[in-house]
Amino acid sequence: MRTVTTAAIIMVAAAPPALAQEAPQHRTIVVQGHGSVKTKPDVATIAFSINGEGKTADAAAGDLAAKQKAVLGGIEQLFGGTMAVETGNVQVQATRAGNCDINRYSPAKLAAGECLITGYVASLDTTVRTAKTDDAATATGLAGRLGAINASVRGYDLQNDDGARKQATRAALADARNQAEAIAQGSGVTLGDIITVSSPMASPVEDIVVTGARAVSAPPPPPPPPPPPVRIDTSPAPIETHVTLNVVYAIRD
């Protein structure tokens, strides 16, 4: 249970003597209203890495592309095509024999002896967003089966929180009104109209970049039908939308 401490202020702004006839006194009640709405999430984000290996950089890239196609194809089939893919952090690194110490601060070394290049590893980080929230956990297991590494459900969210934010805003205004009426009644004054309402700026919505997988080599022949993915049932917590408003009421004379 959330505990809210309410600070209420009854303010009297006294005008300077020279301006007393031009600017009448304004008495106000200042309260902070809080509103909260819980909504079932309608989008899930899963993340994983894919590695490709080979004796040459091209071979590693080709292995990566084949695994990427298999992983994304399997997940897309599970989700029924309802997903958006974002990729990043692509790397192609050489693997070396022995205890070759190479880092960005060390001088260049020949590919010989302990630093002999034995192969290449290509890696790619991938994030998938889907409206199939009930299948997100199952997709992580399927991604691991198909060659992904460190697959996980990164989190749940709302595709659009406009409706929830409007409900929370109404609840915050009602909370502010209840507080102001209680303060006015306890102070022996009459509550007037709202003078100002202020709230923090909403954070921008992150764009989803959809990218496609391009195979470097010809796709392998179709394998036999795989077994169905292992079902993992989850119950994600509802998304709680909070709105806080600073409301200034006039005190009616």
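Please read all numbers here as calculations on a predicted model, not as lab measurements.

Cut-offs and rules
- Residues numbered from 1 in each chain as written.
- Predicted model: local features only at pLDDT ≥ 70, side-chain atom pairs only at ≥ 80, totals over all residues.
- Heavy atoms only, no water.
- Pairing = 2+ DSSP bridges.
- Helix = DSSP H or I, 4+ residues; strand = E, 2+ residues; numbered from the N terminus.
- Axes fitted to C-alpha atoms, helices over the stretch in contact; angles between N-to-C directions.
- Contact = heavy atoms within 4.5 Å.
- Patch = residues over 30% accessible without salt bridge, like charges linked within 9 Å, V, L, I, M, F, W, Y side chains within 5 Å.
- Areas by Shrake-Rupley, 256 points an atom, 1.4 Å probe, with all protein chains shown as cover.
- Salt bridge = Lys/Arg side-chain N within 4 Å of Asp/Glu carboxyl O.
- Buried < 20%, exposed > 50% of the residue type's maximum accessible area, 1.4 Å probe, protein only.
- Expected span 1.5 Å × (residues − 1).
- Core = buried A, V, L, I, M, F, W, Y, C linked by side-chain atoms within 4.5 Å.
- pLDDT = per-residue confidence, 0-100.

Enquirer: In this structure, what is going on with the sheet that holds strand S5 (residues 117–130)? I would like to understand it.
Expert: Backbone hydrogen bonds hold the strands of a sheet together, and the pairing may be parallel or antiparallel. Taken in spatial order, the four strands of this open sheet run S4-S5-S3-S6, and their pairing is antiparallel. At either margin of the open sheet sits one strand with a lone partner, and together these are strand S4 (83–96) and strand S6 (148–157). On average, each strand axis in the sheet is inclined to that of its neighbour by 15°, with strand direction left out of account. By the bridge criterion, seven bridges tie strand S3 (residues 43–54) to S6 in an arrangement that is antiparallel. If you follow Ala47 over to S6, its bridge partner there is Ser152. Contacts from helix H1 (residues 57–79) reach S3, S4, S5 and S6 within the one sheet, and its direction differs from that of S3 by about 150°. Along the sheet, helix H2 (residues 136–145) makes contact with S3 and S6, crossing S6 at roughly 165°.

Enquirer: Would you mind showing me how to read a nonpolar patch on the surface here?
Expert: A cluster of nonpolar residues, Leu173, Ile194 and Val197, forms a patch on the protein surface that exposes about 220 Å² of accessible area. With respect to the element layout, Leu173 can be found in helix H3 (residues 162–187). A relative accessible area of 32% means that Leu173 is categorised as partly exposed.

Enquirer: Could you clarify how one ought to interpret H3 in this entry?
Expert: An α-helix turns once per 3.6 residues; consequently, residues spaced three or four apart project the same way. Its 26 residues place the ends of H3 37 Å apart at the C-alpha level, agreeing with the 38 Å of an ideal helix rising 1.5 Å per residue. Burial in H3 covers these residues: Ala164, Ala168, Ala172, Ala176, Gln179, Ala180, Ile183 and Ala184. Looking one or two residues beyond H3, the residue adopting positive phi is Gly188, at roughly 75°.

Enquirer: Teacher, can you tell me more about the pattern of salt bridges here?
Expert: Two side chains carrying opposite charge are able to pair once their charged atoms lie near each other. All told, the structure shown has five salt bridges when counted by the stated rule. The partner of Asp63 in a salt bridge is Lys67, with the nearest N and O atoms 3.5 Å apart. Of this pair, Asp63 and Lys67 both sit in helix H1, four residues apart, which is roughly one turn of that helix. We classify Lys67 as partly exposed; its relative accessible area is 26%.

Enquirer: Help me out: how do you make sense of the nonpolar core in this one?
Expert: General note: in soluble globular proteins, nonpolar side chains tend to be found buried as a group. Formed by 19 residues in total, the largest nonpolar core has its most connected members in Ile46, Phe48, Val71, Ile75, Phe79 and Val128. Mapped by element, the contributors of at least two residues to this core are S3, H1, S4, S5 and H2. Here this core takes six residues from H1, the largest share from any one element. Excluding anything up to four places from it in sequence, Val128 contacts Ala44, Thr45, Ile46, Phe48, Leu72, Phe79, Met83, Ala84 and Val85. If you look at the next biggest cluster of nonpolar residues, it comprises 15 residues, including Ile29, Ala180, Ala184 and Leu191.

Enquirer: Which parts of the structure should I look at to understand the environment of Pro229?
Expert: Structurally, the position occupied by Pro229 is in the loop between strand S7 (190–198) and strand S8 (239–252). Between the C-alpha atoms of Pro229 and Gly74, which are 155 residues apart in sequence, the distance is 9.4 Å. The contact partners of Pro229, leaving out residues within four places of it in the chain, are Leu78, Thr138, Leu142 and Arg145.

Enquirer: Before we go on, may I ask you to explain the side chain of Thr133 in this structure?
Expert: Mapped onto the elements of the fold, Thr133 is located in the loop between S5 and H2. The class of Thr133 is buried, set by a relative accessible area of 7%. The residues contacting Thr133, other than those within four sequence positions of it, are Pro41, Asp42, Val43, Ala44, Tyr156 and Thr234.

Enquirer: What's the story with the confidence of the model for the protein chain in this structure? I'm lost.
Expert: Caution applies to low-pLDDT regions: their predicted coordinates should not be interpreted in detail. Across the protein chain, the average pLDDT comes to 81, with 79% of residues at or above 70. For the protein chain, the element scoring lowest by mean pLDDT is strand S1 (residues 9–13), at 43; S3 scores highest, at 95. Note that pLDDT drops below 50 for residues 1–24; the model gives that stretch 31 contacts with residues more than four away or on any other chain. Considering only residues more than four positions removed or in separate chains, one finds that residues 202–217, a stretch of pLDDT under 50, has 17 contacts.

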